[in-house]
Amino acid sequence: MEKTAHRPSRKDTLLSRRYIEGLIAEGKHVMIYENRVLKVDAWLKYHPGGEKPIKHMVGRDATDEINALHSQEARERMPAYQIGCVEGTWINFLPPIQGGKYRIYTEDSCLSEEESTAQESSSGSSQDESTPPSPIFDPVDSPSAVRQRKSPNSKSGPSASVERSQPQPAFLDARTQEQIDFDIAKYPSLDTARQEEIKRKYRELNERIKAEGLYNCNYSSYAIECCRYTLFAGLSYIFLRMGWWAASAFFLGCFWHQLVFTAHDAGHMGITHNFHVDTVIGMIIADFLGGLSLGWWKRSHNVHHIVTNEPEHDPDIEHIPFFAISHRFLTSLKSTYYDRIMTYDAPARFFLKIQNYSYYPIMMLARFNLYALSWEYLLKRQAPRKGPAWWHLYFELAGQVFFWTWFGYGVMYKTLPDATSRIVFLLISHVVPSPLHVQITLSHFAMSTADLGVGESFPQKMLRTTMDVDCPTWLDFFHGGLQFQAIHHLYPRIPRHNLRRTQKFVLEFCRDTGIPYAIFTFYDGNKEVISRLGEVAKQVRLMEECRKSISEAGVFSDHH
């Protein structure tokens, strides 16, 4: 009987770098996960976290990002989108959403690549020696952008074959270059071998954390949390019935302040680790009790965890015209998240000049902005319409109706007697949770916004752009786990009550890899933020003085 030869699965096909580049040039969403090549176009509209996080991973090795942000169940579904595999160390491309440019794959280009590879082998050069373009050195909209073709005699690696703009250091302002140089000197080398070693140790640390049981939720801690929530809600209701409006508003603000921490845990599946259960918990807290959209927060926050502190891409630092934590915002950058120009105009020039003074007053009113962003998300139907999260939009809309019924109608309109009482109640209840907004910005506003390119490993980038806050254990309830933001960014699904125990492991990792671990007291952290805001404000004022001086002298009088 004739035996049938075993045919290897299509998923096991070894795909060349040039072929993967061609797929991306055709608009396909392709990424690498544990040496598997995933084409996730079919999943794009179903992804509960939105399309933007996926778009920022196109052409990259997304292994650490996927493992950090997804449950075991979600990771087990990844092979369904596998179209092949790669060998060796993958050198990242610059994703199209960040300005990366790619060439269409053809048979001729395939032959050309084979010839080039043979040349590289004979000359001793390696594919891993090449580095992809940086969005700082290769501005997307630069008129000087030229198409780079690989010369037959070129000894650059395959990533150099990507269509991209020629590096233009002359266009960099001194401050941008200074920040890049500072970070390159302060942090471990971006050499591929060094970054691969950091990745390996980061993954080993994850296994140690698992073995310690730090991914297991401490439900007794949540029992204490629930007692605190009940106390604040009960006191608010009692004082409301007594007619003590200010006291009632104060404890309602305390209630909202504490609840957000649990909503944050649920958004990261850090409570039950079940997507649907944690999402329902988060939406009940955020929408029904707080009037904020959990779906909006997850859509924004997932991008933040992928492109932390990148001015063009991270929505958590894009606050023009009110704040700019980098001088790069003074050049009217385009936000890839909001898909619009963050215009550096007259209002921006006014507010940014005083941003180190207006920081706390604006933080006091930040909750009103969250209402606006939540309703924009819901009314524009930015929530996933298919997949496991298809019903979230309707559940959140029901939650918003519930919130504005009990708070807007029941408390503000029916219970409070006059306009003065309503204004006082509204302001106090919304100002009291404002330390939360300070806490969120504190962890990133004072940290680096320099782009070191796509060769930087995930753990190094998280530690370079995020800082922790040192506080005594008894104050953990006030910070709600957000004081361990660096640790949280490394391992977002660790329940917050275990973050303090995780800190010692991260400190060992940082000592072992040579990555600085930034930690400040709450007071010193605030000083760092105000200092950064003041620094950019000073640059705004200097630009204004230069503009006035040029205007008074005549634009072309002394310039050629």
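Worth saying up front: this structure is predicted, and the values here are computed from it rather than measured. (Residues numbered from 1 in each chain as written. Predicted model: local features only at pLDDT ≥ 70, side-chain atom pairs only at ≥ 80, totals over all residues. Heavy atoms only, no water.)

So, about the overall build of the protein chain. From N to C terminus, the protein chain includes 22 helices and seven strands. Counting across all 560 residues of the protein chain, residues that qualify as buried make up 52%. Of the contacts made within the protein chain by residues no fewer than 6 positions apart, 75% connect residues no fewer than 24 positions apart. (Helix = DSSP H or I, 4+ residues; strand = E, 2+ residues; numbered from the N terminus. Buried < 20%, exposed > 50% of the residue type's maximum accessible area, 1.4 Å probe, protein only. Contact = heavy atoms within 4.5 Å.)

Of all residues in the protein chain, 85% attain a pLDDT of 70 or more, and the chain-wide mean is 86. Counting interchain partners and residues more than four positions distant, the pLDDT-below-50 stretch residues 556-560 has zero contacts. (pLDDT = per-residue confidence, 0-100.)

One pass over the full model with this rule turns up 26 salt bridges. Between Arg203 and Asp64 there is a salt bridge whose closest N-O contact spans 2.7 Å. Here Asp64 lies in helix α3 (residues 63-69) and Arg203 lies in helix α7 (residues 192-211), a separation of 139 residues in the sequence. With relative accessibility at 33%, the residue Arg203 sits in the partly exposed group. We note a salt bridge from Glu225 to Arg496, for which the minimum N-O separation is 3.3 Å. On the criterion of sequence distance, the pair formed by Glu225 in helix α8 (residues 219-242) and Arg496 in the loop between α20 (485-490) and α21 (499-513) is long-range, its members being 271 residues apart. Judged by its relative accessible area of 5%, Glu225 falls in the buried class. Here the residues in one salt-bridge network are Arg194, Glu197, Lys201 and Asp512, joined through shared partners. (Salt bridge = Lys/Arg side-chain N within 4 Å of Asp/Glu carboxyl O.)

With that settled, consider the sheet that holds strand β3 (residues 82-85). In any sheet, the strands associate via hydrogen bonds between backbone groups, in a parallel or an antiparallel arrangement. Judged by pairing direction, the sheet is antiparallel, and its three strands sit side by side in the order β1-β2-β3 without closing on themselves. The outermost strands of the open sheet, each flanked by one partner alone, are β1 (30-33) and β3. In this sheet, adjacent strand axes meet at a mean angle of 30° when their direction is disregarded. With three bridges joining them, strand β2 (residues 36-39) and β3 adopt antiparallel strand pairing. Within β3, the position partnered with Leu38 by the bridge is Gln82. Sheet contacts for helix α1 (residues 17-25): β1, β2 and β3; angle to β1, the most-contacted strand, approximately 135°. (Pairing = 2+ DSSP bridges. Axes fitted to C-alpha atoms, helices over the stretch in contact; angles between N-to-C directions.)

If you look at the biggest cluster of nonpolar residues, it comprises 32 residues, and the most contacted ones within it are Leu252, Phe255, Trp256, Trp296, Phe407 and Phe425. Those residues within four positions of Trp296 in sequence are excluded, and the remaining contacts are Leu370, Leu373, Ser374 and Tyr377. By size, the runner-up hydrophobic cluster in this structure holds 26 residues, among which are Ile320, Leu333, Met342 and Ala446. (Core = buried A, V, L, I, M, F, W, Y, C linked by side-chain atoms within 4.5 Å.)

Enumeration according to the criterion identifies 34 aromatic pairs in this entry. Look at Phe93 and Tyr102: their rings are 5.3 Å apart centre to centre, the planes differ by 85°, and that puts the pair in the edge-to-face class. The residues Phe93 and Tyr102 share a single accessibility class, namely buried. Taken together, the ring pairs connect Trp256, Phe368, Tyr371, Phe403, Trp404, Trp406 and Phe407 into an aromatic cluster. Lying over the aromatic face of Tyr337, Lys52 brings its terminal NZ or CZ to 5.5 Å of the ring centre. The ring of Trp256 has Arg367 sitting right over it, with the charged end atom 4.4 Å from the ring centre. (Phe/Tyr/Trp six-rings, centres within 6.5 Å; stacked < 30°, edge-to-face > 60°. Lys NZ or Arg CZ within 6 Å of the ring centre and 35° of its normal.)

Quick look at the packing of helix α12 (residues 346-353) against helix α13 (residues 355-364) now. Between α12 and α13, whose axes approach to 6 Å, the crossing angle comes to 90°. Comparing the axis directions of α12 and α13 gives the class roughly perpendicular. Contacts between α12 and α13 involve Phe351, Leu352 and Lys353 from the former and Gln355, Asn356 and Ser358 from the latter. Its residues assigned to classes, the contact of α12 with α13 shows two nonpolar, three polar and one charged. (Parallel < 35°, antiparallel > 145°, perpendicular 65-115°, else oblique. Nonpolar A, V, L, I, M, F, W, Y, C, P; charged D, E, K, R; others polar.)

Right, let's get into unusual backbone geometry. Residue Ile320 is joined to Pro321 through a cis peptide bond whose omega torsion reads 10°. Note on placement: Pro321 falls in the loop between α11 (294-306) and β4 (334-335).

Here Ser457 shows up in the loop between α17 (434-445) and α18 (458-465). Judged by its relative accessible area of 1%, Ser457 falls in the buried class. A polar side-chain atom of Ser457 sits 2.8 Å from a polar atom in the side chain of Gln195. (Polar contact = N/O pair within 3.5 Å; in protein donor to acceptor, adjacent residues only side chain to side chain.)

Okay, α11 next. Under the 1.5 Å per step criterion, the end-to-end length of α11 is 18 Å for 13 residues, consistent within 8% with the ideal 18 Å. In terms of burial, α11 is largely enclosed, as 13 of its 13 residues are buried. Regarding α11, its N-cap is Ser293, as a side-chain oxygen of that residue lies 3.3 Å from the backbone nitrogen of Gly295 further along. (Expected span 1.5 Å × (residues − 1).)

Turning our eyes to something else, we now look at the side chain of His47. Following the sequence through the fold, His47 ends up in the loop between β2 and α2 (52-55). Judged by relative accessible area, His47 falls into the buried class, the value being 10%. A distance of 2.7 Å separates the side chain of His47 from the backbone oxygen of Gly50, its partner in a polar contact. The contacts of His47, once residues within four sequence positions are left out, are Ile54, His70 and Pro384.

Before going further, it helps to examine the environment of Asp470. Within the secondary structure, Asp470 sits in strand β6 (residues 468-470). A residue is classified by how much of its surface remains accessible, and Asp470, at 44% relative accessible area, is partly exposed. Asp470 sits 51 residues away from Thr521 along the chain, and the two C-alpha atoms are 4.7 Å apart. Other than its neighbours up to four places away in sequence, Asp470 contacts Ile519, Phe520, Thr521 and Phe522.

This part is about the environment of Pro321. Assessed through its relative accessible area of 22%, Pro321 is described here as partly exposed. Along the sequence, Pro321 and Leu352 sit 31 residues apart, while their C-alpha atoms lie 7.0 Å from each other.

With that settled, the discussion passes to a nonpolar patch on the surface. A cluster of nonpolar side chains, namely Tyr237, Ile238, Met242 and Trp244, defines an oily patch on the protein surface of about 470 Å² accessible area. Structurally, Ile238 is set in helix α8. For Ile238, a relative accessible area of 46% gives the class partly exposed. (Patch = residues over 30% accessible without salt bridge, like charges linked within 9 Å, V, L, I, M, F, W, Y side chains within 5 Å. Areas by Shrake-Rupley, 256 points an atom, 1.4 Å probe, with all protein chains shown as cover.)

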